[in-house]
Amino acid sequence: MAGNPRQDLYLEISRNLVDQELTDLRNYVSGAKILSAGFVQHADAHQICNQLEKEQKLKSGDLSLLADLLRKIGRHDYAENAEKVAESERKDSSQPCTSQLKRKGEDGEEVPVKKKSAACGQEGSPVGEVFQRSVKKYYELKLSHFKPLIWNEKFTIPLSNIFTQLELVPTSEKQLKTSEAARVKQRKELKSLDDLFKPDITGLSTAPRCILIEGEAGGGKTTFLSKEALDAVSQKTELGKRHNIVLLIRLREVREGETIEEMVWDQCVPETTEGIDLQSIRAILQRNESRVLFLLDGYDELRPEARAAGQTIPKLLSGKLYPDSTIVITSRPSAGVQQHTWPDCHVHIMGFSRRHVEKYMQQYFTVVGKQKLTKTLSKLVQDNKIFNTLIYTPIFLMLVCVLWEEDQEMVSTGTMTGLYDNLLTCLVRKYCKREGVDMPTEGLPTEVAESLLQFGKLALEALLRNETLLDLIEVERAKVNWELLLKLGVVSLEVSSSKLHPRKQLNFSHKTMQEFLAGRYVAHALLNQGIVELLQLTSITKVFELSNLLQFTCGCDSRAAQAVMEELSKISSREFAYLRPEHFERSQVPMDGDIKKSCQTYERFAALCLAILSERQEPEVLQGISQALPIVMLDSSINSREATGLKYYIQNLHSANLPDRLILKVPYGTGSRDTVQYLQQCFTTSLPGLRLDLKLSGKFDSPGPDETARLVSVLKNVPGLRALDLSDTRLTPSSLQPLVQGFSHMSLLEELDLSWNDALGDAGMEVLQVGLTSVPHLAVLRLCGVKMTAVGMSSLAPYMRHLVGLRELDIRYNEIGDTGLESLTTILPIFTAMQVLGLCNIGMRPTGMRTLVPALCQLTRLIKLDISKNDIGDPELECLAAILHHLTAMKVLVLTETGISDLGISSLIKALPHLVQLQVLDVSWNNIGDSGIVSLVQTLCQPSSLNMEQNPLGDKSLTTAPHCNNTLQELYIGGNRPRRVFFRPRRVTGAGLGRVAQLISALPALTRLDMRGYNCRTPTHLSDTAAMALAEALPRLPALERLDLYYISMEPAGFQAVVQAAEEHSTLERLGYSRDEVPEGVDTTAGCLLLQWL
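Now for a look at the structure at hand. Counting restarts for each chain, with residues numbered from 1 along the sequence as it is written. Totals for whole chains, interfaces and linings use all residues, but because this is a predicted model, local features are given only for residues with pLDDT of at least 70 and pairs of side-chain atoms are given and counted only at 80 or more. Note: side-chain values were computed over all heavy atoms of the structure, leaving out hydrogens and water.

### Observations regarding the sheet that holds strand 12 (residues 469-471)
And then number 1: The strand order across the open sheet formed by three strands is 12-14-13, and the pairing between neighbours is antiparallel. The open sheet has two edge strands, strand 12 and strand 13 (491-495), and neither has a second partner. Ignoring strand direction, the axes of neighbouring strands in this sheet form an average angle of 35°.
And then number 2: Sheet analysis places strand 13 next to strand 14 (residues 504-508), joined by five bridges and oriented antiparallel. Residue pairing across strands places V495 opposite K504, the latter belonging to strand 14. Pairing between two strands is assigned when DSSP locates at least 2 bridges connecting them. Numbering of helices and strands starts at the N terminus; helices are DSSP runs of H or I of at least 4 residues and strands are runs of E of at least 2. Here an axis means a line fitted to C-alpha atoms, over the contact stretch when the element is a helix, while the angle between two N-to-C directions is reported on a 0 to 180 degree scale.

### Some thoughts on unusual backbone geometry
And then number 1: Backbone geometry places K479, a non-glycine residue, at a positive phi of 60°.
And then number 2: Position of K479 relative to the elements: it lies in the loop between helix 22 (472-477) and helix 23 (482-488).
And then number 3: Burial here depends on accessible area, computed with a 1.4 Å probe over protein chains only, as a share of the maximum for the residue type. Under 20% is buried, over 50% is exposed, and the range in between is partly exposed. The exposure class of K479 is exposed, given its relative accessible area of 72%.
And then number 4: For K787, which is not glycine, the phi torsion reads 60° and is therefore positive.

### Some points on the pairing of strand 7 (residues 210-214)
And then number 1: For strand 7, the tally of buried residues reaches five of five residues, placing the bulk of the element in the interior.
And then number 2: Here strand 7 shows two buried faces, one formed by C210, L212 and E214 and the other by I211 and I213.
And then number 3: The pairing of strand 7 with strand 10 (residues 326-331) spans five bridges and is classified as parallel. Bridge assignment links L212 to a residue of strand 10, and that residue is I329.

### Concerning the pairing of strand 17 (residues 692-695)
And then number 1: Pairing of strand 16 (residues 661-665) with strand 17 involves four bridges; the strand directions are parallel. Across the sheet, the residue bridging to I663 is D693, located in strand 17.
And then number 2: Bridge count for strand 17 against strand 18 (residues 721-725) is four bridges, and the pairing is parallel. Opposite L694, over in strand 18, you have L724 as the bridge partner.

### Quick look at the nonpolar core
And then number 1: Side-chain atoms within 4.5 Å link the members of a nonpolar core, which is a set of buried Ala, Val, Leu, Ile, Met, Phe, Trp, Tyr and Cys residues. With 252 residues, the main nonpolar core has F683, L768, M800 and L880 as its most contacted residues.
And then number 2: Residue contacts are counted whenever heavy atoms from the two residues lie within 4.5 Å of one another. Ignoring any residue separated from it by four or fewer positions in sequence, one finds L880 in contact with M849, V853, L856, L865, I867 and L895.
And then number 3: Core analysis: the second largest hydrophobic core is formed by 58 residues, I213, C268, L285 and V292 among them.

### A few points about the environment of L423
And then number 1: Here L423 lies in helix 20 (residues 416-435).
And then number 2: According to the relative accessible area criterion, L423 is buried, its value standing at 1%.
And then number 3: For L423 and V402, which are 21 residues apart along the polypeptide, the C-alpha to C-alpha distance reads 7.8 Å.

### Brief notes about the packing of aromatic side chains
We describe a pair of aromatic rings using the distance from one ring centre to the other and the angle between the two ring planes.
And then number 1: When two rings of Phe, Tyr or Trp (its six-membered ring) have centres within 6.5 Å they constitute a pair, described as stacked for plane angles under 30 degrees, edge-to-face for angles over 60, and tilted for the intermediate range. Going through the model one piece at a time under the given rule, you end up with twelve aromatic pairs.
And then number 2: Seen in terms of ring centroids, Y602 and F605 are 6.5 Å apart; in terms of plane orientation they differ by 45°. Their pairing is tilted. Of this pair, Y602 and F605 both sit in helix 29 (residues 593-615), three residues apart, which is roughly one turn of the helix. Taken as a pair, Y602 and F605 share a single burial class, namely buried.
And then number 3: Grouping aromatic residues by their ring pairs yields a cluster made of F576, F584, Y602 and F605.
And then number 4: Charge-over-ring contacts are defined here by two conditions on Lys NZ or Arg CZ: a distance within 6 Å of the ring centre and an angle within 35 degrees of the ring normal. Above the plane of the ring of F544 lies R604, whose end atom (NZ or CZ) is 3.9 Å from the centre.

### A word on the packing of helix 7 (residues 126-143) against helix 11 (residues 221-233)
And then number 1: Where helix 7 contacts helix 11, the axes come no closer than 10 Å and their chain directions differ by 140°. Relative to helix 11, the element helix 7 is oriented oblique. Judged by the twist between their axes, the crossing of helix 7 over helix 11 is left-handed. Along its contact with helix 7, which presents K136, Y139, E140 and L143, the element helix 11 presents S226, A229, L230 and V233.
And then number 2: Charged residues are taken to be Asp, Glu, Lys and Arg, nonpolar residues to be Ala, Val, Leu, Ile, Met, Phe, Trp, Tyr, Cys and Pro, and polar residues to be all remaining types, Gly included. Tallied by class, residues from the contact of helix 7 with helix 11 come to five nonpolar, one polar and two charged. Orientation labels follow simple angle bins: below 35 degrees gives roughly parallel, above 145 gives roughly antiparallel, 65 to 115 gives roughly perpendicular, and whatever is left gives oblique. A crossing counts as left-handed when the near helix is turned anticlockwise from the far one by less than a right angle, and as right-handed when that turn is clockwise.

### A few points about the state of the cysteines
And then number 1: Here, two cysteine sulfur atoms that lie within 2.5 Å of each other are counted as a disulfide. Under the counting rule described, the total for this entry stands at zero disulfides.
And then number 2: Left without a disulfide partner, C210 is nearest to the cysteine sulfur of C345, which lies 9.2 Å away.

Note that every value here comes from positions in space, so none of it alone points to a role or purpose.
The structure is reproduced here in structure tokens:
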């Protein structure tokens, strides 16, 4: 097989450039900012050329940039070769391909002429061009328009008119280490996927390799990806401009053992295309790998056997196949994509916006010739708040339009089941009218009802196999009247798009239709069978897999809903028996991994239960919810179906069925007016005894105190309010005033968070202070980033004296300085229950530290102290270390960026044996050298003095038991910066980190270890010996979940050893490493490896 001249040239250049020429090339490319300096630093010539091509700087027929670069480094020979290759490409592109070349025959007709084939697979070759054109034509034929309604041939939507909101979910190192509230705020609405190629939006220095798009059922994922494919082949988008080969693969068609080439031939190329076979497809993909875009639709519909390790799709996602290609993959949430790859970008499909809802309705009714219906439906949508929970999902909005056109009285439900039930009735009516069949006044014709139930059973069996297509042979074998179902429009008959597995099959208009029909059958079958037997509902995992089915089942029948909730209650008592309300409060110490996962699972479970309640709002179901959810929580939009269910739940609460805790979080992006209105609808009567944790969003900075006054009027009905979080809600002193006045109705309040309202300032503290006497039980006060100065602190402090039960005070990121701190220290000894004290970045200097230390001596219950980002220095750390023997309850000590060096750390080391419960220690980003870091780790790895006392010298167990620390869970020693002492840099070196690697196996409880270098300009080099020591230590850290090695360089052998050990580790989820420090030629496909440009 002939080679690709362009790639051959790249390889030849790469093999023959001497070191100095390669260095010059890197300097020219990075110096002129043609490519990222981080990438170029360790790239070879071949990689540089490919990246130039990928970023559209070397286009087909134009290698002038490469020729210019080669001349700059003195390689005129290769510059001339580059120009010849470009000229050849221009000639090839100007000639028609084989299928276009014609000559005049003897009879005067034009007949094709076969041209001698160029390189197989070469992008500019006839085979490559034929392949690209055939794919483009195939997509234009199949995807340009689609008919979402099987039963309505007239309703055709141009794909160009698809509107779908996208939201970017942060995945970068910088974003992930922020708080959840900050991450929510950082989420950005995208105009299109093109935004993902803008560094200011993604934070990535290079184009993403893998983009994960998640969305709920009916959210428009498949349609959106079809539009992306069509736009890409037409080069209308950035994805299309960067990739010449665009491959849309429906994962539900993929079978076990299929290769990529078979999938492409099967789904992307018309059967009539000549000259394209598996071998030529493989050659095309291999030769143009960096220009290949895989669009993978529906990971949640991929068969279980095709998801297994070693199968093609997992290998493609993990980078074991075509690692230089780009992947966009869609899925329902939590389907498991992340077990194969860590996406560079994580995108959530939000569905329609209000503007898009209006536009879609107008488009629909224009197509069917009933434009006047747009206005009437718009008014209904605006007035019917329950309806708002559905219309933002494309599939549901479409069904609303269908029903509104047919019979406006049928659009009265606010449930998924009601919509689909009415739609089914509508379709049956149309069928009866066409066929001359009598439509009964209640229910469905007998034949139709029986066929739908029979078909529902097949739909269920397919769902349990994770299949969405029904083989016609199987349907006929079950003696189902499928022709009737075709006439109804419930399914369509199609020949599989798979050429490898051709078959006639029945396809649902949408997966939710399959789930609805299966739910109808389950509701009917539950009369004679148990739900566990029907659905194999034996675990929480199975519950989530069948969540939509369960909602439809409950929506179809009251008895079915009770049976489902009874089983969910049993599963809840098995899975979550040990969970307590305090597990869902903000934890200031590392949470047990199992507890953390259980909390996340419970939140999903609670959301499902509330969605079920929204489907069937009945007392019996409410009783089942109360049994299944001892802790009721909502963390979603107030327009969601879950929020509708919660509203019904709260409105029907009474003293006999109160939950242990009600946790209501309104996510960022919801307006304060809408939020307060929702709360008014929920809490219509007083609910004494209800313990409520409330976190709100929105903007409470509108002129006048109206919004907060309305909020207070609502909260009067919840006298048992336990926690109120109004962080980052743009509170001002004037809007805070009504809230503070309302504290008299919140006398049981335990937690108050007003953080990140920077308009409050000192004036806001004056408003707050007068209300503190009304909340005597206040135990947590968070005032981070409110722009409080020494003035505000001085005025607030005296009013805090009566808060004797205060357990947490967080005033981080306020410029109170030493003066303000002095005011605070006068009252600190009062708070003998204090457990958490946050003083990060408050402008504290040595004087302030010396004032603080005596007060800390009194806080013997303190478990967390954060004095990071304050200019403290060594002498003041010595003062702190001298009193640590009073603080033996300490679990978290944060000293990052405090200016300490080896001298200061030595004093801390002497005090460490007293901190027998220490779980987290952070001394990162200081001036500590090898000696200090190694001594620190050595001390941490030894049994504490208390343990020594518990095991007297005569106890032989000490001689056999390994000396280890079973308490420390997180250790941050990275980023310690150079400090020159007598012209010698004092910093942590590779040798120092190598010694740390030899020691850390004595920290078996460690879940996170940060031992990064200082910066990218002077990365810390880890020798093979040190890297091997680290690799050998990893298996002896059985709880480790995250290891950060940014700004560290390694040789290939050492790097590979560490990565392999991390990949084989049972709990390690992420190994962070700087992308520009990756050694040349190593395998970077490990699923846990997170490469970042930093």
